[in-house]
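Understanding the architecture of this molecule
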Amino acid sequence: MVRDLHERLQRGERTLDVMPFISDYTLNTICETAMGGRLDSETDAAKYEYRKAISGLGMAIYRRLTRFWLFFDIMFYLSPTGRQFKKDLQQNCIFTNSVIEERRKKRNEIDCTGSGKRMALLDLLLDAESKGEIDMEGIRDEVNTFMFEGHDTTAMALTFGLMLLADHEDVQEKIYQECRSIIGDSTRTANTSDLAEMKYLDAVIKEVLRLYPSVPLIGREITEELVLDDLVIPQGSEVIIHIYELQRRGDLFPDPEVFRPERFLHEDKINFSYLPFSAGLRNCIGQRFAMQEMKCMFSEIIRHFKLSPIVKGYRPSIKSDLVLRPNESILVNFSAR
Ligand code: HEM
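Residues numbered from 1 in each chain as written. Predicted model: local features only at pLDDT ≥ 70, side-chain atom pairs only at ≥ 80, totals over all residues. Heavy atoms only, no water.

Right, let's get into the coordination of the iron atom of the ligand. Within the protein, just one atom coordinates the iron atom of the ligand: C284 (SG), at a distance of 2.3 Å. Checked against the element boundaries, C284 lands in the loop between α11 (243-246) and α12 (287-304). (Donors = N, O, S within 2.8 Å, 3.2 Å for Na, K, Ca; no water. Helix = DSSP H or I, 4+ residues; strand = E, 2+ residues; numbered from the N terminus.)

This part takes up the packing of aromatic side chains. The full count for this structure, using the stated rule, is nine aromatic pairs. Note on F160 and Y212: the rings are 4.1 Å apart at their centroids and 0° apart in plane angle, and the pair reads as stacked. Here F160, found in helix α7 (residues 136-167), pairs with Y212, found in the loop between α10 (199-211) and β2 (217-221); they are 52 residues apart in sequence, far enough to count as distant. An angle of 50° between the planes, with centres 4.7 Å apart, marks the rings of F264 and Y274 as tilted. On the criterion of sequence distance, the pair formed by F264 in the loop between α11 and α12 and Y274 in the loop between α11 and α12 is long-range, its members being 10 residues apart. Across the pair, exposure class does not vary: F264 and Y274 are buried alike. (Phe/Tyr/Trp six-rings, centres within 6.5 Å; stacked < 30°, edge-to-face > 60°. Buried < 20%, exposed > 50% of the residue type's maximum accessible area, 1.4 Å probe, protein only.)

The next subject is the site of the ligand. Not every one of the 22 residues close to the ligand is listed here, only the nearest: E149, R220, S278, R282 and C284. A distance of 2.9 Å separates an oxygen atom of the ligand from a polar side-chain atom of S278. Between the ligand and R282 there is a distance of 2.7 Å, counted from an oxygen atom to a side-chain nitrogen or oxygen. More than half of the atoms of the ligand fall within 2 Å of the grid points belonging to the largest pocket. For the shell around the ligand, the secondary structure elements donating two or more residues are α7, β2 and α12. The greatest single-element share of the shell around the ligand, amounting to six residues, is contributed by α7. (Near = heavy atom within 4 Å. Polar contact = N/O pair within 3.5 Å; in protein donor to acceptor, adjacent residues only side chain to side chain. 1 Å grid on protein atoms, 1.4 Å probe; cavity = no way out; pocket = protein on both sides within 12 Å on 5 of 7 lines; lining within 4 Å. Sits in = over half its atoms within 2 Å of the grid points.)

Here the focus is α7. Helix length check: α7, at 32 residues, gives a terminal C-alpha distance of 47 Å against a target of 46 Å (1.5 Å per residue), a fit within 8%. Among the 32 residues in α7, 24 count as buried, and that is most of the element. (Expected span 1.5 Å × (residues − 1).)

Taken as a whole, this structure holds 26 salt bridges when the rule is applied. With a shortest N-O distance of 2.6 Å, E129 and R104 are connected by a salt bridge. Of this pair, E129 sits in helix α6 (residues 121-130) while R104 is found in helix α5 (residues 80-109), placing the two residues 25 residues apart along the sequence. Judged by relative accessible area, E129 falls into the partly exposed class, the value being 22%. Judged by its relative accessible area of 24%, R104 is partly exposed. Each of D4, R8, R11 and E13 takes part in salt bridges that share partners, so that together they form one network. (Salt bridge = Lys/Arg side-chain N within 4 Å of Asp/Glu carboxyl O.)

What follows covers a nonpolar patch on the surface. Residues F68, W69, F71, F72, I74, M75 and L78 make up a contiguous nonpolar surface patch of about 830 Å² in total accessible area. Relative accessible area serves as the criterion here: at 41%, W69 is assigned to the partly exposed category. (Patch = residues over 30% accessible without salt bridge, like charges linked within 9 Å, V, L, I, M, F, W, Y side chains within 5 Å. Areas by Shrake-Rupley, 256 points an atom, 1.4 Å probe, with all protein chains shown as cover.)

For the coordinates displayed, the defined rule picks out one cavity of 30 Å³ or more. By volume, the largest cavity amounts to about 100 Å³. Together, 10 residues line the largest cavity, and G37, R38, V99, E102 and R103 are the ones closest to its centre. Of all the elements, α5 adds the most residues to the lining of the largest cavity, at four residues. Of the residues assigned to the lining of the largest cavity, the class counts are four nonpolar, two polar and four charged. (Points joined across faces, edges and corners; volume = space filled by probe spheres on them. Nonpolar A, V, L, I, M, F, W, Y, C, P; charged D, E, K, R; others polar.)

This next bit is on a negative patch on the surface. A contiguous patch of negative charge on the surface is contributed by D135, E137, D141 and E142. Among the secondary structure elements, D141 is positioned in helix α7. (Lys, Arg positive; Asp, Glu negative; His and termini not counted. Charge placed at Lys NZ, Arg CZ, Asp CG, Glu CD.)

By volume, the largest pocket is sized at about 1,300 Å³. E149, V215, I218, R282 and C284 are, among the 40 residues lining the largest pocket, the residues nearest its centre. Of all the elements in the fold, those that place two or more residues in the lining of the largest pocket are α2 (18-33), α3 (44-66), α7, β2 and α12. Looking at which element gives the most residues to the lining of the largest pocket, the answer is α7, with eight residues. A class-by-class count of the residues in the lining of the largest pocket yields 24 nonpolar, 11 polar and five charged.

Encoded structure:
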């Protein structure tokens, strides 16, 4: 990524449209780690179509949830939203099928088992398939969940994060000094123990996710009557927990609109007013992976580049399907350190 950014600078491309650039990297990362395979550069068009389909599917689900007449299958699939949903689903399946089949082919060429090396998630699934424990539909469901949850969420957090960092030179400087105190002048990439030492960067990412939680709301079914102060929520109700609103409440987070990573530096108790990865039994299982990936990318970028905004203090409007996104391009100026 750093080389890619340097090459852009050499070509005179100082301003970067952050979202598509970062999404490409996070999609590659999840494919290389969980799916066991690198995405070839000739699949750029396919990746673009996949990302477009994912965004379309999220939008269609959101529309359906907020328009009662679309609850009925017949109405939904006759509507323009439902017809687009079908097309996007097909596009999505084409991409995930190709990831699965490519890995299946490679596994026939190399022996992935018994080498003592950790197996990728997709290898475990293909092994389970050969033992008759899962079918192709099951594999596709798991691959879809991980590919979507594993790249779009981190991409949006990184995008909003780079926007906020560009606007806060002081925060960039603190991250830079922290990286230097851990890695020194070396140009090597940070390893796992370096990342664990980056406490300030950890607080920065938590603050980014407070202001811009990639999953802005989650739903739950109430399985037994719940009493909240003088409010009684009957059993069987469906409730929405609005993480975005919760994390911007002034009584819970003083000066809620202000980007201030320091508020997470001395946090030592679990507090359910902060929920970017949800909580409880169905919380995010990719939380540690996501934090590592984001620390890795932020630290690499800040060690090599200084960022500045196009317009100081400008905040784009946001939109939300299943994931929180900026409604317009986030443009950031880069210069080499
Ligand atoms: C900034 C990054 C991320 C954020 C903010 C995030 C947030 C969340 C949230 C809020 C949920 C819970 C939904 C609920 O309670 O209903 C969730 C679930 C999930 N996440 Fe993440 N996530 C992130 C990254 C990742 C990554 C990188 C992966 C995979 C490597 C991942 C895999 C999953 C999976 C599989 C679930 C479903 C768990 C279940 O239903 O039991 N997430 N995520």
